[in-house]
Amino acid sequence: MSGTTQSRQLSLNLFIYPGGHHEAAWRHPDSVPERALDIRYYQALAQQAEAARLDAIFFADSPSLADHIRYGSRYRFEPVTWLSAIAAVTDRIGLIGTASTSYYEPYNLARLFATLDHLSGGRAGWNIVTTSAEGAAANFNLSQHPDAHARYQRADEFVRVVSALWDSWEDDALIVDKHSGIFAEDAKVHAIGHEGAHFRVRGAFNLPRSPQGRPVYVQAGSSEEGRDFAARHAEAIFTAHQTLESAHAFSQDLRKRATAAGRDAAQIRILPGICPYIGSTAAEARQHAEALNELIQPEYSLAQLRNLLGVDLGGHRLDAPFPLDALDFDAPQSTSSRFRVIVDIVEREQPTLRQLIQRLAGARGHWTPSGTPDQIADFIQQWFEAGAADGFNVMPPWFPTGFDLFVDEVVPLLQARGLFRREYSGRTLREHYGLERPVSQFAETVAEVF
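Everything numeric here is computed off the predicted structure, so don't read it as measured data.

With that settled, consider the packing of aromatic side chains. Aromatic rings in a pair are described by how distant their centres are and how their planes are angled relative to each other. Counted according to the given criterion, the structure contains 24 aromatic pairs. Consider the rings of Tyr41 and Tyr42, whose centres lie 5.0 Å apart with planes at 70 degrees: the pair is edge-to-face. Among the residues examined, Tyr41 registers a relative accessible area of 4% and is labelled buried. Judged by its relative accessible area of 0%, Tyr42 is buried. Arranged with centres 5.7 Å apart and planes meeting at 55 degrees, the rings of Tyr152 and Phe229 form a pair that is tilted. Residue Tyr152 is found in helix α4 (residues 148-167), and its partner Phe229 is found in helix α5 (residues 224-233); the two are separated by 77 residues along the sequence. Residue Tyr152 is classed as buried on the basis of its relative accessible area of 12%.

Put simply, helix α8 (residues 298-309) and helix α10 (residues 353-361) touch, their axes get as near as 10 Å, and they point 80 degrees apart. As summarised for this structure, α8 and α10 are arranged roughly perpendicular, according to the angle between their axes. Contacts between α8 and α10 involve Ser301, Leu302 and Leu305 on the former and, on the latter, Leu353, Leu356, Ile357 and Leu360. Residue classes in the contact of α8 with α10 are distributed as six nonpolar, one polar and no charged.

It is worth spelling out the packing of helix α2 (residues 79-87) against helix α3 (residues 106-120) at this point. One way to put it is that α2 packs onto α3 with a least axis distance of 10 Å and a crossing angle of 5 degrees. By the angle between their directions, the pair α2 and α3 is classed as roughly parallel. Contacts from Val80, Leu83, Ser84 and Ala87 of α2 reach α3 at Leu112, Phe113, Leu116, Leu119 and Ser120. Residues belonging to the contact of α2 with α3 are distributed by class as follows: seven nonpolar, two polar and no charged.

Turning our attention to the environment of Gly20. Tracing the backbone shows Gly20 in the loop between β1 (11-15) and α1 (39-51). Note: C-alpha distance between Gly20 and Pro33 (13 residues apart in sequence) is 9.8 Å. With sequence-adjacent residues up to four places away left out, Gly20 is seen in contact with Ala25, Pro396, Pro397, Trp398 and Phe399.

What follows concerns α2. Note that an α-helix has 3.6 residues per turn; residues three or four places apart therefore point the same way. Where α2 is concerned, the buried positions are Pro79, Val80, Trp82, Leu83, Ile86 and Ala87. Taken around the axis of α2, the buried residues stretch over an arc of 160 degrees, which confines them to a single face. The inward-facing, buried residues of α2 contact α1, β2 (56-59), β3 (94-100) and α3. N-capping of α2 is provided by Glu78, with a side-chain oxygen placed 2.8 Å from the backbone N of Val80.

With that settled, consider the sheet that holds β2. Paired through backbone hydrogen bonds, the strands of a sheet run either parallel or antiparallel to each other. Read around the closed barrel, eight strands run β1-β2-β3-β4-β9-β10-β11-β14, paired in parallel fashion. Strand-to-strand twist across the sheet, computed as the mean angle between neighbouring axes with direction ignored, equals 30 degrees. Relative to β2, β1 runs parallel, the two sharing three bridges. From the neighbouring strand, Leu14 faces β2, where its bridge partner is Ile57. Where α5 meets the sheet, it contacts β4 (124-129), β9 (216-219) and β10 (236-239), and its direction lies at approximately 170 degrees from that of β9.

What counts, and at which threshold
Residues numbered from 1 in each chain as written. Predicted model: local features only at pLDDT ≥ 70, side-chain atom pairs only at ≥ 80, totals over all residues. Heavy atoms only, no water. Phe/Tyr/Trp six-rings, centres within 6.5 Å; stacked < 30°, edge-to-face > 60°. Buried < 20%, exposed > 50% of the residue type's maximum accessible area, 1.4 Å probe, protein only. Helix = DSSP H or I, 4+ residues; strand = E, 2+ residues; numbered from the N terminus. Axes fitted to C-alpha atoms, helices over the stretch in contact; angles between N-to-C directions. Parallel < 35°, antiparallel > 145°, perpendicular 65-115°, else oblique. Contact = heavy atoms within 4.5 Å. Nonpolar A, V, L, I, M, F, W, Y, C, P; charged D, E, K, R; others polar. Arc of directions from axis to C-beta. Polar contact = N/O pair within 3.5 Å; in protein donor to acceptor, adjacent residues only side chain to side chain. Pairing = 2+ DSSP bridges.

See the structure below:
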């Protein structure tokens, strides 16, 4: 598939898991699990992504220890601290970190991400999650984990509070005039005076407005409530799809919801995950996937499947057809987007249980195409030009070689086709994504001053 230079450009993020996105990646001969807690390793990955002119790097997070640490690199470091160290050795690449609205307080989180935005010169993004891991509750003095509806209600108010805090200094509030002795125009620094169902926050914020106005809002939930939440708030949306048709339908649906919510749908970037297996031939690419699948621990894979589907399939034969009738379509998990992705795979492909866990091992339900660099570039171009994606969250199956193949072999093809930048044109994450800088909601108001 060929392409011509065009104004619309792909966005590409590097989604960093310590060993890679295949669940057995840490066992790959090229993997370096001994460096999983070495910040220099991540700094080098970020510099490599920046040299390839990618939009951002991204770290996921969860405030609890995941199951089955016996079989996988399942620990998580706190993203903002890690991204701050990466900001010090990079200049342009965006820095997106995950933080939970269920297990932070708005003022505290607002300080973390605003500080990162100032520190990096406007490169911060906040991946907004409500946390689905039930084990998190016991780490935060709660007797039980709130249900999805309650978590989204809290999240909606949380984002509104954080937005008001980040807006509470108008852009021209900071004077710093040595001659007059005026440091800040206090009439332009506003207490937000928020009193809601979940939070009471007076404000104002204790930092001036950050370079981007506020960090970019990123979101990854694709359930009905997740889509509505994204339509109201998200500026970049991470999502999981296995087919062009599914991705296109999601994109169209999300933009319609955003328009109905009074937003400009053009100010949203939809970025599905892609976990590409790349080889000099299609057969070699398949061999990469097969080699990783041979390293799978079935006990671990079945536990992961249980978390996604809400049913234990450990008693079923791995090489028998997947037992679709064993699923509970009325269980809480059945409303999740990942449950639907798995059911779609089973209905479309009719895999055995072993084939399904191998499929999901690659990237937890994200798209896992394999092929030559030209074929991977073709896939990306097809989804992009069809309007199914504005870009992709690149999820290498293993590090570092899996990422090397993408930046060395695929990115130059996308650049040659006019689909991806050869140089950065801006300095902030908003500029990379083509997003407008938001105006403070307190601008030109007579709100109560702090």
